[in-house]
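The lines below spell out each chain.
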Amino acid sequence: MTTDREHVLRTIELAEEAVADGNTPFGALLVVDGEVRREARNTTLTDDDVGAHPELKLARWAGRELSAAELAACTMYASTEPCPMCTAAIHYAGIGRVVFGVAGETLHELTGGAIPIPADEVIRRADGDTVVEGPIATEAAMAVHESFFGA
């Protein structure tokens, strides 16, 4: 069985692929019952779409394609803590759990451009049930950000 850390490390690879494709370094994937159901990379620059975050794309797909039971059992893994926009979509989709590599606050310290509102705060204020866990791979997740944004 793949561990949370291994899934997060895969999202970091997706973030690296996003950079190779000309985008900013973010990746995410969805797991239901131990099976990776879908992966996504950031495409905000190549799609010229501010909403093309991988977490938002996956939340929208999950809300359309998964049953309520699958959503409740679903874990979204993300290279970086989902931003408030993505976290709201995760909540509205009904995804049961989120695990991320590096905290948004840590990214904000590097870039000054992230919105440093923790995902668990967004879920709490929405009176949601999504469990948020992380950071669990800060050093590995920050390496791709430092490479892209500069240390």
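Residues numbered from 1 in each chain as written. Predicted model: local features only at pLDDT ≥ 70, side-chain atom pairs only at ≥ 80, totals over all residues. Heavy atoms only, no water.

## A short note on the side chain of His145
Filter applied, for reference: Under the DSSP-based scheme used, a helix requires at least four consecutive residues in state H or I and a strand at least two consecutive residues in state E, with every element numbered from the N terminus. The classification of residues rests on relative accessible area computed with a 1.4 Å probe and restricted to protein chains. Under 20% of the type maximum is buried, over 50% is exposed, and intermediate values are partly exposed. For this analysis, residues touch if any pair of their heavy atoms sits within 4.5 Å.
Inspection of the secondary structure puts His145 in helix 7 (residues 138–149). Judged by relative accessible area, His145 falls into the buried class, the value being 1%. When near neighbours in sequence (up to four residues on either side) are disregarded, His145 contacts Pro25, Phe26, Thr80, Val102, Leu107, Leu110 and Gly150.

## Some remarks on the packing of aromatic side chains
The geometry of an aromatic ring pair comes down to the distance between the two centres and the angle between the two planes. How we decide: Stacked, edge-to-face and tilted labels apply to pairs of Phe, Tyr and Trp rings (six-membered ring for Trp) whose centres lie within 6.5 Å, assigned for plane angles under 30 degrees, over 60, and everything in between, in that order.
A full pass over the atoms with the stated rule returns 1 aromatic pair. On the basis of an interplanar angle of 85° and a centroid distance of 4.8 Å, the ring pair of Phe148 and Phe149 is categorised as edge-to-face. For Phe148, a relative accessible area of 36% translates into the label partly exposed. Take Phe149: its relative accessible area is 35%, and that puts it in the partly exposed class.

## What to know about helix 4 (residues 84–93)
Where helix 4 is concerned, the buried positions are Pro84, Cys86, Thr87, Ala89, Ile90 and Ala93. Buried residues belonging to helix 4 abut helix 2 (54–65), helix 3 (68–73), strand 3 (74–80), strand 4 (97–102) and helix 6 (119–125). Looking one or two residues past helix 4, Gly94 carries a phi angle of roughly 90°, positive in sign.

## Concerning the UniProt feature "domain: CMP/dCMP-type deaminase" (unreviewed entry) in the protein
Cut-off, in case you're wondering: UniProt positions are given in the numbering used here, feature names are shortened, and annotations may be inferred rather than shown by experiment.
In this numbering, the UniProt entry assigns the feature "domain: CMP/dCMP-type deaminase" (unreviewed entry) to residues 2–117. Secondary structure over residues 2–117 splits into 46% helix and 22% strand, and the C-alpha atoms at its two ends are 29 Å apart.

## Quick word on the sheet that holds strand 2 (residues 35–41)
The cut-off we apply is this: Two strands qualify as a pair provided that DSSP identifies no fewer than 2 bridges between them. Only the stretch in contact is used when fitting a helix axis, every axis being a line fitted to C-alpha atoms; angles between N-to-C directions are given from 0 to 180 degrees.
With respect to topology, 5 strands assemble into an open sheet ordered 2-1-3-4-5, the strand pairing being mixed. Each having just a single partner strand, strand 2 and strand 5 (131–133) make up the two edges of the open sheet. Going from strand to strand, the sheet's axes swing by 15° on average, the running direction of each strand aside. One ladder, built from 6 bridges, connects strand 1 (residues 27–32) with strand 2; its direction is antiparallel. From the neighbouring strand, Val31 faces strand 2, where its bridge partner is Val36.

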